[in-house]
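Listed below are the residues making up each chain.
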Amino acid sequence: MSPAGYNLPPCPPPPRVRVVKECRRPDGNRTADRPGVIHAEPRRPVPVAPPRPAGSRTRRPAYSPEAKTVPAHAPDSATTPRTPGTWPPEQQSREEPEPAVPVGSADAPDTDGASDTAGPFDIAGPSGITGTADPLALERAHLAASRAALRAMREDVQALDISDVTANWVNAAVLESQIEARVKALADLAHTPLFFGRLDYLHAIGAEKSGAPGAGRPTPSGAADTAGVADMADTAATADTADTTDTTVYIGRRHVHDTDGDPMVIDWRAPVSQPFYRASKKDPMDVGLRRRFGYTAGDLTAYEDERLSEPGEAARTSKLLQAEIERPRVGPMRDIVATIQPEQDEIVRGDLGGTVCVQGGPGTGKTAVGLHRVAYLLYAHRERLARTGTLVVGPNASFLHYIEQVLPALGELEVRQSTVADLVASVEVRGTDPAPAAVVKGDARMAEVLARAVRSHVTPPAEPVVVVRGSRRWRVPAYELAELVEQLLARGMRYGAAREALPQRIAHAVLVRMEEAGEAPDDRVQDAVARNPAVKAAVKAIWPPVDPAKLVLRLLSDAEFLAAHAEGVLTAEEQRTILWVKPPRSVRSAKWSAADAVLIDEAADLVARTHSLGHVVLDEAQDLSPMQYRAVGRRCSTGSATVLGDLAQGTTPWATASWAEALRHLGKPEAAVEELTAGFRVPREVIAYASRLLPVISPGLTEVESVRESPGSLSVRRVEGGEPALTVAVVEACVAALTREGSTGLIAADARVPALAEALTAAGMPYLSPGEETTADARLTLVPASLAKGLEYDYVVLDEPAAVVAGEPDERTGLRRLYVALTRAVSGLTVLHAAPLPEALT
Ligand SMILES: Nc1ncnc2c1ncn2[C@@H]1O[C@H](COP(=O)(O)OP(=O)(O)OP(=O)(O)O)[C@@H](O)[C@H]1O
């Protein structure tokens, strides 16, 4: 296995290039000829990690003081010769951990890396490493060596000379772009920790240990269904350790190995990494020590140990987890790869074959889990999913913008993200429906109405088909044509596919007659007959083309046409509800609504099968109508889905009442429903306050149990003096919130947004809108309550809850909207009201 022994990411749309020749590096060395695989040998020397101290049985090559290569992002000291155990000396002194600072304290130093885990705080000890050296220095040395190894991997790919490899310029261009992508994927981002955890196994990885505790733990080999890109190399390189005596693995975002192919960092998705997320005192999975690392500004500054096999040590909540959650939020959503919790990991690593539905209250990590699941599936089934595609569906553009950096941070750049509206955007949506019309249009019964309407275009043949060839005339009578039509209808084919099949069926009937008359027609004759003008004319009359948009236009404009197909399906009242008062003249001039676009999408699928992807993640799924579920479902009809949502946060008039029903509409009735109840975002005090609404908005749903205590995180204040005084108080609360680190969201009823915007401007306080990225200089976002779903801020100021409730068509939906607004804060929520609070909150 070469350092760069990865298949390169497939590069659709051009077909995968089969590299049949050897790649030749500039130094003349050849690489093997595996199709689509770039090898780069011989490997360059890279510095290796310092020796594991006594008691740590790893196979990693001993640290060599001669190794002088400067690590890619190693501290400046990297060129200085080092002494084992104190490596690198300057770095050790420069990066000596700062004095312990209470987690979440205002004194905590700035962190600027999206993937940093925490500010410095008490370093748990003593370390699992015995010996004289400072454990932190040893870990930093391993980090520096891993970075150097990664740089070497990257340089090997950069050095590839493909000039005599490719047969033509197209192949060369594809290969070039694959190399570019590969180099990009191997980038060492200064502020993204290369590893965030370490496991010390009790037994050598992959060794037989029958009877040993955790004997069933995964081995590094057999990661995945392997075929394909990076995972192939990862799996193979990881498997290198299977017959060794290694006991220690470092876990990070990607695989890094040294010049011998020995892993220095293992991808978090590999089976051998799994115990990092799942092992517990109860089931240590053969892990003796689990170590989590804390970073500050890209520097390794802390670690936290858990000794899973020592019964005396009580299980405790990870301070690093707490610090990570409370780390001020600026910018887009972050990944949680370093702190995925066991119940989340169960979902993340679920089989590709099965659809899973996750019910979870606000802040339980549904979105995070869904995104990490995609990354995991891409690792485990890369080739299959690269071929079939993956998709993340979110509720609106600002939400998608908020989450869009998570997958790239996990090294996955190819996942499409879309709203349902964009998925079905075959017409321009310029109109809106009144709620009652939208509810009927979103009802699953509309699928039956559309199916009937499409099928109604098939007209029973009244005339025979007469095909003239040379001097002969061949006649297929109307009754026989009718039989052919019946057969096609009975097969349940898509309308368009059946339409394409009909000419061949008619031609076949003609050929049977020819044979009966002693002729010996072949396939070419059949094709010629199928293209005969008489056959074409008959097909047009019997099975005319259907334009989905025109069909829906007619259904919504023509009461008789609608009645003919909605008979027994929709009531007369429902039909009236969806009919346009003033029918548009054409598809182009129609003011299509979002629900209309979904109807057109359904009709389009009746005509021609929608392409199915390999896996779809559907977030905030509770808000979809049955017809929207169908639209998403047909995009994973041959694949699987991860459905994420919270019934209590359903705020559309058609929001789903039960997951069983939703999954039925999605076409995945067999899907398992899992529940997440541990809350990561919202502090205990705040979630307890918001949960007062649950009995009214979603009776029977489990309350979220926050993993974080944060005394003083909730403030509810009544403001005397009506709306003007309230506005002043809200602005003041924003000013106060902005004195703290991190982001502030001012959430208000949509109708209140203009007044608040004006007040903020008058106060000289610039603000962003949802979807605009917060930065260190722009930390305040003014959020209409209708767009708050899925978002979060360190501090939230909530304006006038009663107005949020009143902004919705009914009280239950209003209270659900309020529940969403109340659950966006990570560190503090201030509720300000002039009007009385909704009763359920008091
Ligand atoms: N295991 C974890 N470690 C660290 N942070 C986590 C973990 N799980 C979730 N979080 C954090 O909690 C916050 C909420 O997560 P997320 O947005 O995925 O929740 P959600 O269930 O989708 O919430 P909502 O229902 O409000 O949309 C995010 O900041 C996320 O990073």
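Residues numbered from 1 in each chain as written. Predicted model: local features only at pLDDT ≥ 70, side-chain atom pairs only at ≥ 80, totals over all residues. Heavy atoms only, no water.

### A few points about the site of the ligand
Spelled out, the test is: Here a residue is near a molecule or strand as soon as one of its heavy atoms is found within 4 Å of it. Any N or O atom pair separated by 3.5 Å or less is treated as a polar contact, with the protein-specific requirement of one donor-capable and one acceptor-capable atom, and with residues adjacent in sequence counted only for side-chain atom pairs. Note on areas: Shrake-Rupley with a 1.4 Å probe; residue coverage comes only from the protein chains shown. Note on conventions: DSSP H or I runs of at least 4 residues are helices, E runs of at least 2 residues are strands, and numbering of each starts at the N terminus. Note that Gly is not counted as nonpolar here; it falls among the polar residues with everything else outside the nonpolar set of Ala, Val, Leu, Ile, Met, Phe, Trp, Tyr, Cys and Pro and the charged set of Asp, Glu, Lys and Arg. Domain start and end points were adopted from an automatic or database domain assignment.
The environment of the ligand is made up of 24 residues, and the closest members are Thr339, Gln344, Lys366, Glu792 and Arg824. Contact distances for the ligand include 2.7 Å between a nitrogen atom and a side-chain N or O atom of Thr339. The contact in question runs from an oxygen atom of the ligand to an N or O atom on the side chain of Arg824, over 2.8 Å. Relative to its unbound accessible area of 630 Å², the ligand is 98% covered by the protein chains. Those elements that provide at least two residues to the shell around the ligand are helix H6 (319-326) and helix H8 (366-380). Tallying contributions element by element places H8 first for the shell around the ligand, with three residues. Classifying every residue of the shell around the ligand by side-chain character gives eight nonpolar, 10 polar and six charged. For the shell around the ligand, the domains that each give at least three residues are domain 2 (342-428 + 610-676) and domain 4 (684-841).

### Remarks on the nonpolar core
Operational definition: Grouping buried Ala, Val, Leu, Ile, Met, Phe, Trp, Tyr and Cys residues that are joined through side-chain atoms within 4.5 Å yields what is termed a nonpolar core. Note on classification: 1.4 Å probe, protein chains only; a residue is buried when its accessible area is under 20% of the maximum for its type, exposed when over 50%, partly exposed between these limits.
Leu502, Val529 and Trp543 are the most contacted members of the largest nonpolar core, which has 82 residues in total. No other element matches the 10 residues that helix H16 (residues 495-516) contributes to this core. In terms of domain composition, this core takes at least three residues from each of domain 2 (342-428 + 610-676) and domain 3 (465-542). Core analysis: the second largest hydrophobic core is formed by 81 residues, Ile266, Tyr277, Leu714 and Leu798 among them.

### Quick notes on unusual backbone geometry
One non-glycine residue, Met285, adopts positive backbone phi at about 55°. By the element assignment, Met285 lies in the loop between helix H5 (274-278) and strand S7 (287-296). With relative accessibility at 10%, the residue Met285 sits in the buried group. One non-glycine residue, Glu800, lies in positive phi territory at about 40°. Considering the arrangement of structural elements, one finds Glu800 in the loop between strand S22 (793-799) and helix H29 (801-806).

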